[in-house]
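# Observations on chain architecture
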Amino acid sequence: MTSTIEPLSGTVEQTEVAARADAFVAELSEWLRIPSISADPDHHGDVARSAEWLAATLRRDGWPTVEVWSDTAALPAVYAHWPAADPAAPTVLVYGHHDVQPADLDDGWSFAPFDPQVVGEELRGRGASDDKGHIAMVLLGVRAHLAATGASAPAVSLKLLVEGEEESGSAHLAEVLAAHGDALACDEIVVTDTGMVDRETPTVCCGMRGLVDLEVVYRGASVDLHSGQFGGAVPNPVTELARLVATFHDEDGHIAVPGFYDDVREPTAEERAAWAALPFDEPAWLAGSAAGAMATSGEAGWSTYERLWARPTAEVNGLHGGYAGPGHKTIVPHSATLKMTFRLVDHQDPARIKALLERYVADRVPAGIDAEVSTGGPGVPPLICDLDSDLVASIREAMGIALGAEVLPAREGGSGPEALLTEALGAPLAFLGVMLPGDRIHAPDERAVLPLLLRGAESVAHLWRLLAARGRRP
Ligand SMILES: [Zn+2]
């Protein structure tokens with residue numbers, strides 16, 4: 001397999017990864033044939049098979065402790081532990097997931113999603129990138145690390161937690177972490193479920209946004225009323241809810257909820273400078289990643305990357321009420337429903353934001369309207385990595401060696417279980433992954449770029465060595 005990204009590092013780790021490349025593709029393809037769709041109960045047997053497949057592979061690799069955990073309400077998760085020979089070496093937990101998003105030919109795939117194929121330098125199939133490809137990348141990195149060092153144990157104590165229901169929102173991850181806190185105890189956490197902004201510009205994700213839900217139902221009369229007999233004389237719940245929606249932003253795109261920005265910590269000058277240096281082709285981004293969106297828009301004074309990574313949002317997901325079928329129906333609707341999600345940034349607290357939103361809506365209920373407000377579960381806190389930590393520095397150095405370029409800090413706009421992991425385990429967390437925006441994760445025709453996955457495996461192989469060296473410093 002040849003790579004179009006030059007130059008190769010020429011390190012022993014790179015040679016050891018390259019020697020295993022063909023076997024890696026065959027092995028990953030076998031795993032991708034198991035449709036481990038956590039969202040679909042009909043596929044829960046496949047999620048269990050996928051966990052057993054991974055456990056068997058880890059045992060073959062020589063991991064001394066390998067367990068499939070199915071003792072909680074969670075779908076089977078895989079745990080493994082390989083202690084370092086040096087008891088003073090740090091313990092690093094790698095987190096990822098082996099379940100995948102649903103995929104069906106009818107969704108618009110141009111090939112069978114669970115019949116993986118190599119086309120050119122791509123491995124195509126559901127899970128090729130997110131996240132089986134990235135877990136396989138870690139396994140390969142560990143093999144290359146051991147081969148390169150000639151040791152029978154890794155330079156750091158390694159633990160793996162590969163969840164079986166991340167794509168279903170990690171609904172029982174807190175339960176798993178509580179039940180197995182002792183086994184999972186670690187000094188540092190590395191998350192593989194992540195990527196780079198672009199193939200030519202190596203980046204490392206250093207933060208994810210948090211998330212809070214809001215649902216508001218406005219009710220007027222007990223049934224829809226005749227718009228001729230009653231229209232203009234009673235409140236219209238749809239009109240009133242539209243008025244509320246319009247108050248969430250001011251003309252500059254700032255969120256108008258009092259106190260909303262109180263705890264927001266802006267990115268550092270170093271991060272803003274690094275983001276400004278990242279290439280961003282706006283027309284290509286609009287036409288490609290943003291699926292034909294016609295213009296960028298958002299909060300005044302911030303770039304698109306800053307809006308996505310470091311600014312909170314108030315997004316209307318749905319606004320429903322009344323009649324929208326064929327022809328017309330002359331009514332005053334009896335109710336209207338609003339669903340919104342708010343992405344949170346450093347250092348916003350979901351519980352505090354939920355309280356602000358509930359009060360904001362309660363203070364604005366118009367006369368003649370009954371309002372029901374809910375903010376769902378506990379929400380997801382944002383997670384920001386410490387750019388000055390040994391962990392982030394080691395990941396940037398490891399990826400830099402393998403990818404042959406400086407690795408710039410970036411972030412992702414989405415939300416995941418990272419804050420839960422770092423809080424439950426009391427350890428700092430960072431990301432290492434080589435997914436690309438063009439990998440079409442969660443979409444039809446998912447693929448992974450194989451030369452990049454191999455560079456990722458090489459990064460992993462360097463990382464254990466670098467972390468062990470840093471961890472032993474006085
Ligand atoms: Zn994922």
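Note that the coordinates shown come from a computational prediction; the quantities given were computed from them, not determined experimentally. Counting restarts for each chain: residues are numbered from 1 in the order of the written sequence. At least 70 in pLDDT is required for a residue's local features to be given in this predicted model, at least 80 for side-chain atom pairs to be given and counted, and no such filter applies to totals for whole chains, interfaces and linings, which use all residues. Hydrogens are left out, water is left out, and the side-chain values use all remaining heavy atoms of the structure.

### As for the coordination of the zinc ion
Note the cut-off: Metal donors were taken as nitrogen, oxygen and sulfur atoms no farther than 2.8 Å from the ion, or 3.2 Å where the ion is Na, K or Ca. Water is excluded, so coordination may look unfinished. In this description a helix means any DSSP run of H or I spanning at least four residues, a strand means any run of E spanning at least two, and both kinds are numbered starting from the N terminus. Working definition: with a 1.4 Å probe on protein chains only, accessible area under 20% of the residue-type maximum means buried, over 50% means exposed, and in between means partly exposed.
Distances from the zinc ion to its protein donors, His97 (NE2), Asp130 (OD), Asp193 (OD) and Asp193 (OD), fall at 1.9 to 2.3 Å. Here the donor residues of the zinc ion are spaced in sequence according to H-x32-D-x62-D. You can see His97 sitting in strand β3 (residues 91–97) and its partner Asp130 sitting in the loop between β5 (122–124) and α4 (132–149), a full 33 residues away along the chain. Taken as a pair, His97 and Asp130 share a single burial class, namely buried.

### Details of the state of the cysteines
Formally: By disulfide we mean two sulfur atoms from cysteines, separated by a distance within 2.5 Å.
Going through the model one piece at a time under the given rule, you end up with 0 disulfides. Unpaired in terms of disulfides, Cys186 finds its nearest cysteine sulfur in Cys385, a separation of 14 Å.

### Regarding the sheet that holds strand β15 (residues 370–374)
Strand-to-strand pairing in sheets goes through backbone hydrogen bonds, with the strands running parallel or antiparallel. Heads up, the condition is: Should DSSP find at least two bridges between two strands, the strands are taken to pair. Axes, fitted as lines to C-alpha atoms, cover a helix only where it is in contact. Angles between the N-to-C directions of the axes lie from 0 to 180 degrees. The contact rule is simple, with two residues in contact once any of their heavy atoms fall within 4.5 Å.
Strands sit in the order β12-β14-β10-β15 across an open sheet of 4 strands; the sheet is antiparallel. If you trace the sheet from one side to the other, it starts and ends with β12 (315–321) and β15, each paired once. Neighbour-to-neighbour, the strand axes of this sheet turn through a mean angle of 15°, independent of strand direction. Lying on the sheet, helix α7 (residues 237–246) is in contact with β10 (210–219), β12 and β14 (335–344); it crosses β14 at an angle near 15°. Together, β10, β14 and β15 form the strand contacts of helix α11 (residues 350–362), whose direction differs from that of β10 by roughly 20°.

### As for the packing of aromatic side chains
As a reminder of what qualifies: The criterion for an aromatic pair is that two Phe, Tyr or Trp rings (for Trp, the six-membered ring) have centres within 6.5 Å, with stacked assigned to planes under 30 degrees apart, edge-to-face to planes over 60 apart and tilted to the rest.
Using the criterion set out here, one finds 12 aromatic pairs in the structure. Their ring planes at 15° and their centres at 4.9 Å tell us that Trp31 and Trp53 sit as a pair that is stacked. Separated by 22 residues along the polypeptide, Trp31 in helix α2 (residues 21–32) and Trp53 in helix α3 (residues 44–61) bring together distant segments of the chain. The exposure class of Trp31 is buried, given its relative accessible area of 0%. Residue class for Trp53 comes out buried when judged on its relative accessible area of 12%. Chaining the aromatic ring pairs together yields one cluster made of Phe248, Phe260, Tyr261, Phe342 and Tyr360.

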